[in-house]
Number of protein chains: 2
Amino acid sequence: MGDPVEVFNGHLRSRGIRGSKRREEVLKVFLDASSHLSMAELFLDVRRRCPGMGLATVYRTMRLICEAGLADEIDFGDGTKRFERKDNQPHHDHLICESCGRCVELDDGEIESLQARLADDHGFTLTRHKMYLFGICPDCRRQEEGSRRTRKVGENR
Amino acid sequence: MGDPVEVFNGHLRSRGIRGSKRREEVLKVFLDASSHLSMAELFLDVRRRCPGMGLATVYRTMRLICEAGLADEIDFGDGTKRFERKDNQPHHDHLICESCGRCVELDDGEIESLQARLADDHGFTLTRHKMYLFGICPDCRRQEEGSRRTRKVGENR
DNA sequence: TTGCTTGCAAAGGATTTGCAACATG
DNA sequence: CATGTTGCAAATCCTTTGCAAGCAA
């Protein structure tokens, strides 16, 4: 797909939208950031590098980045938008730890073919899907077991 | 599981929460309503039967109904809560038409075992999952094809 | 100049909460 | 009487929009 910055500028040009320093700033922060960042986290990151930037600009730019095909919006169901890169990885689903928030990306070849078949059974043309698995990761499970063993009665968490 | 009204009242009692006319009203409307209704739709239904009821009461009561194990909250990603009964049907996933909103319930035995395996591969203990397939249903596809054939250039929709 | 971009504040939409009035055991 | 329940309005949270000021071609 090529250099994301190029792809982004190309997308803007093709749509008759101007490039700008701020837009490039947001794109760079997004590209450098870890995956699945929420809008709020992303905004904090952006402000660190570019203190004057407004929240609206980050929202607007993330939309452009998505339209350019560089990002996907994801929704863990916690009431905030999250983003991940789309240009440097194949499609995948997510397995999220409900205790620590850790997120594992799942290769979903098998799931996808099953989904396609299910849709087909009902005559639907599949356009997209959302799948999120929630559970407890090994680390958190160990901790829980540990604290359960040592915790006094009535003690919280 | 028994009569939902009984289950509900039992749940309230066991939690030291009072029953009330309004709560029963909401429960009945929910039980009679079609599945996957949004909060707004449910509220309209409730108001039809019980004009003075406040939105907050419906929110509060639906939470109780979920806690009683009678309803599941579902999230089609359109920014509103939806509900479906949980007591009279096995777990399933959803296939939603992006054009008309029709929703088909999918028996997901195969999907579930795959999901369990994926979680297991990463050492996770699975607690729950969300899976939504989006597509175009047969009816809408036919209509689209029809209108595409007969539509004049530049005409919308 | 002309039009796009930006930050800020205000608006929006969904949901929750505070509270005084109210009901009910 | 004592508590729990309710409607209303206000408050939250996340996101989008309006707008005047700033910039760039």
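Not measured: the values here are computed from a predicted model.

Asker: Quick one: what's the story with the relation of the copies chain B and chain A, residue by residue and with numbers?
Answerer: Superposing chain B onto chain A takes a rotation of 180 degrees plus a shift of 0.1 Å along the axis, which leaves an RMSD of 0.1 Å. What the superposition gives is, in effect, a two-fold axis relating one chain to the other. Identified as the residue of chain B closest to the rotation axis by C-alpha distance is Met131 of chain B, at 2.2 Å. An overlap of 100% is found between the interface residues of chain B and their copies at the interface of chain A, pointing to a shared contact surface.

Asker: Go over unusual backbone geometry with me, naming the residues and quoting the values.
Answerer: Trans is the prevailing form of peptide bonds, just as negative phi is the prevailing case for residues other than glycine. Residue and element names in this part refer to chain A. Positioned with a positive phi, His36 is a non-glycine residue whose angle comes to about 70 degrees. For His36, the position within the fold is in the loop between α2 (21-32) and β1 (37-38). Overall, His36 belongs to the buried group, its relative accessible area being 10%.

Asker: Residues and numbers for the pattern of salt bridges, please.
Answerer: Residue and element names in this part refer to chain A. Counted according to the given criterion, the structure contains 26 salt bridges over all chains. As a salt-bridge pair, Glu25 and Arg49 come within 3.6 Å of each other at their nearest N and O atoms. Note that Glu25 is positioned in helix α2 and Arg49 in helix α3 (residues 39-49), a separation of 24 residues in sequence. For Glu25, a relative accessible area of 16% puts it in the buried group.

Asker: Provide a residue-level description of the sheet that holds strand β2 (residues 71-74) of chain B, including the pertinent values.
Answerer: Through backbone hydrogen bonds, the strands of a sheet pair up, either in parallel or in antiparallel fashion. Residues and elements named next belong to chain B. As summarised here, the arrangement of the 3 strands in space is β1-β3-β2, forming an open sheet in which the pairing is antiparallel. Where the open sheet ends on each side, the last strands, each with one partner, are β1 (37-38) and β2. Pairing between β2 and strand β3 (residues 82-85): 4 bridges, direction antiparallel. Looking at β3, one finds that Ile74 is bridged to Arg82.

Asker: Lay out the sheet that holds strand β5 (residues 103-107) of chain B in plain terms, naming residues and giving numbers.
Answerer: Pairing is mixed across the open sheet formed by 6 strands, whose spatial order is β5(A)-β4(A)-β6(A)-β6(B)-β4(B)-β5(B). Each end of this open sheet is capped by a strand with a single partner; those strands are β5 (103-107) of chain A together with β5 of chain B. On average, adjacent strands in this sheet sit at an angle of 25 degrees to one another, irrespective of strand direction. Direction of pairing for strand β4 (residues 92-97) of chain B relative to strand β6 (residues 125-136) of chain B: parallel, over a ladder of 4 bridges. Across the sheet, the residue bridging to Cys97 of chain B is Gly135 of chain B, located in β6 of chain B. The strands touched by helix α5 (residues 109-121) of chain A are β4 (92-97), β5 and β6 (125-136) of chain A together with β4, β5 and β6 of chain B; relative to β6 of chain A, the strand with the most contacts, the crossing angle is about 130 degrees.

Asker: How would you summarise the packing of α2 of chain A against α3 of chain A if you had to cite specific residues and measurements?
Answerer: Residue and element names in this part refer to chain A. Taken N-terminus to C-terminus, the directions of α2 and α3 make an angle of 120 degrees; their axes are 10 Å apart at the nearest point. In terms of axis orientation, α2 runs oblique to α3. The interaxial crossing formed by α2 with α3 has right-handed handedness. Every residue of α3 that contacts α2 at Glu25, Lys28, Val29, Phe30 and Asp32 is listed here: Leu42, Asp45, Val46 and Arg49. Split into classes, the residues belonging to the contact of α2 with α3 amount to 4 nonpolar, no polar and 5 charged.

Conventions and cut-offs
- Residues numbered from 1 in each chain as written.
- Chains lettered and ligands numbered in written order.
- Predicted model: local features only at pLDDT ≥ 70, side-chain atom pairs only at ≥ 80, totals over all residues.
- Heavy atoms only, no water.
- Least-squares fit on C-alpha atoms with pLDDT ≥ 70 in both.
- Contact = heavy atoms within 4.5 Å.
- Helix = DSSP H or I, 4+ residues; strand = E, 2+ residues; numbered from the N terminus.
- Buried < 20%, exposed > 50% of the residue type's maximum accessible area, 1.4 Å probe, protein only.
- Salt bridge = Lys/Arg side-chain N within 4 Å of Asp/Glu carboxyl O.
- Pairing = 2+ DSSP bridges.
- Axes fitted to C-alpha atoms, helices over the stretch in contact; angles between N-to-C directions.
- Parallel < 35°, antiparallel > 145°, perpendicular 65-115°, else oblique.
- Left-handed = near helix turned anticlockwise from the far one by under 90°.
- Nonpolar A, V, L, I, M, F, W, Y, C, P; charged D, E, K, R; others polar.

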